[in-house]
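Examination of the molecular architecture
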Amino acid sequence: MKIGFIGIGKMGEPMCRNILKAGHSLVVANRSQPALDRIAGEGATVARTPAELTAQSEFIMTCVTDPASVDQVYEGADGIVSAIQPGQIAIDHTTVGPGTSRRLHAAITAKGAGFIDAPISGGTAGAESGTLTVMCGGDEAVFEQAKPALESIGENIYLAGPSGSGAVIKLVNQLLVGIHVAASAEAVVMGAKAGADPNVILEIIGNSFGGSAMLKRSIPLALDRKFEAGTPVSLVLRDLGTIGQMCSEVGARMTLGKVAESLFNEAHIAGLTENDMVSVFKVFESSSGIEVG
């Protein structure tokens, strides 16, 4: 299977390694040279442009920074749309609004090719282990064709519905992530300030109705003061902005998400922009005069 991959970042680099481990041939393109060199050194071929990469691939996977980068990679000069041919399939793993995915689906299917919006969840750990959750939107026949490629990077692969459905489900996930991390920080700092042991909070609440995946992830990181970049504050802020835009477009209310966004913006103002999202704990710690660690 010939796979092209554009976007060798924190998620894309381990995803590329898993594609190679699965025995597929891999062509890569990226703005950052060091990551490109590392993957090329492990067996990938380098393409100069998205169009050149597309010409060498059966499946074209993209995992770039933001909607503007998606637009450039797909519809810019020497982009994917300019080169894609009937029978090829493009798969976008970037977190974008459903409108972007549906526009690309229309542009690519007009050329007789296939397109799947396939955002991912699981963080860098999931990318490294090949156990990502992949939320797909698109035509069922195209999804079935793309599934073997997706299985090289993910474990839980779902067809959520027609084009744009994967993007919507990912934004639902990101809204909950932002809210749950902020809620976990508020609750744990409150408990610690009142005299509770955060380890006991994790043990008991982690097995109670108030528990969540974000609570279980956040407390150990906060206790160990591991605030270095994993899933950065900047990414959560970007995604909450995209969610707000989608809510405006469809007429949905966004209340708790706006509160979470304001808290992550406080972390950004405090200089924690590229630190892990668990850094929102520091916002509550600063206000409460305590460190949970």
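This one's a predicted model, so the numbers in the text were calculated from it and none came from an experiment. (Residues numbered from 1 in each chain as written. Predicted model: local features only at pLDDT ≥ 70, side-chain atom pairs only at ≥ 80, totals over all residues. Heavy atoms only, no water.)

**Notes on the overall build of the chain**
Summing up its helical and strand segments, the chain has 14 helices and nine strands in all. Each principal axis of the C-alpha distribution contributes one length, and for the chain these read about 65 × 45 × 35 Å. Counting over 293 residues, the chain shows a buried share of 51%. For the chain, restricting intrachain contacts to residue pairs at least 6 apart in sequence, the fraction spanning at least 24 positions comes to 66%. Carbon and sulfur atoms make up 54% of the accessible area of the chain, which totals about 12800 Å². (Helix = DSSP H or I, 4+ residues; strand = E, 2+ residues; numbered from the N terminus. Buried < 20%, exposed > 50% of the residue type's maximum accessible area, 1.4 Å probe, protein only. Contact = heavy atoms within 4.5 Å. Areas by Shrake-Rupley, 256 points an atom, 1.4 Å probe, with all protein chains shown as cover.)

**What about the nonpolar core?**
Judged by nonpolar contacts, the single largest core of 37 residues is most densely connected at F264 and F281. The set of elements that each furnish at least two residues to this core consists of helix 9 (165–193), helix 11 (213–223), helix 12 (233–250), helix 13 (256–269) and helix 14 (280–288). The element best represented in this core is helix 9, accounting for nine residues. C16, V28, A118 and I120 belong to the second largest nonpolar core, which has 32 residues in total. (Core = buried A, V, L, I, M, F, W, Y, C linked by side-chain atoms within 4.5 Å.)

**Notes on the packing of aromatic side chains**
If you walk through the whole model with that rule in mind, you get one aromatic pair. Taking 5.9 Å as the distance between ring centres and 85° as the angle between the ring planes, the aromatic pair formed by Y74 and F115 counts as edge-to-face. Placement of the pair is Y74 in helix 4 (residues 67–75) and F115 in strand 6 (residues 114–117), with a sequence separation of 41 residues. (Phe/Tyr/Trp six-rings, centres within 6.5 Å; stacked < 30°, edge-to-face > 60°.)

**Observations concerning the pattern of salt bridges**
In the structure shown here, the tally under the stated rule is eleven salt bridges. Where R103 meets E75, a salt bridge forms, and the shortest distance between an N and an O atom there is 3.1 Å. With R103 in helix 6 (residues 98–109) and E75 in helix 4, the pair connects residues that are 28 residues apart, well separated along the chain. A salt bridge links R217 to D276, with the shortest nitrogen-to-oxygen separation between them at 2.7 Å. With R217 in helix 11 and D276 in the loop between helix 13 and helix 14, this pair connects stretches of sequence that are 59 residues apart. Exposure remark for R217: the relative accessible area of 28% places this residue in the partly exposed category. (Salt bridge = Lys/Arg side-chain N within 4 Å of Asp/Glu carboxyl O.)

**Considerations on unusual backbone geometry**
The backbone of D78 shows a phi angle near 60°, a positive value even though the residue is not glycine. Along the chain, the position of D78 falls in the loop between helix 4 and helix 5 (80–83). If you check the backbone angles, R225 has positive phi at about 55° while not being a glycine. Here R225 is to be found in the loop between helix 11 and helix 12.

**Regarding the side chain of N18**
On the secondary structure map, N18 appears in helix 1 (residues 12–21). Reaching out from N18, the side chain makes a polar contact with the backbone oxygen of A127 at a distance of 2.7 Å. (Polar contact = N/O pair within 3.5 Å; in protein donor to acceptor, adjacent residues only side chain to side chain.)

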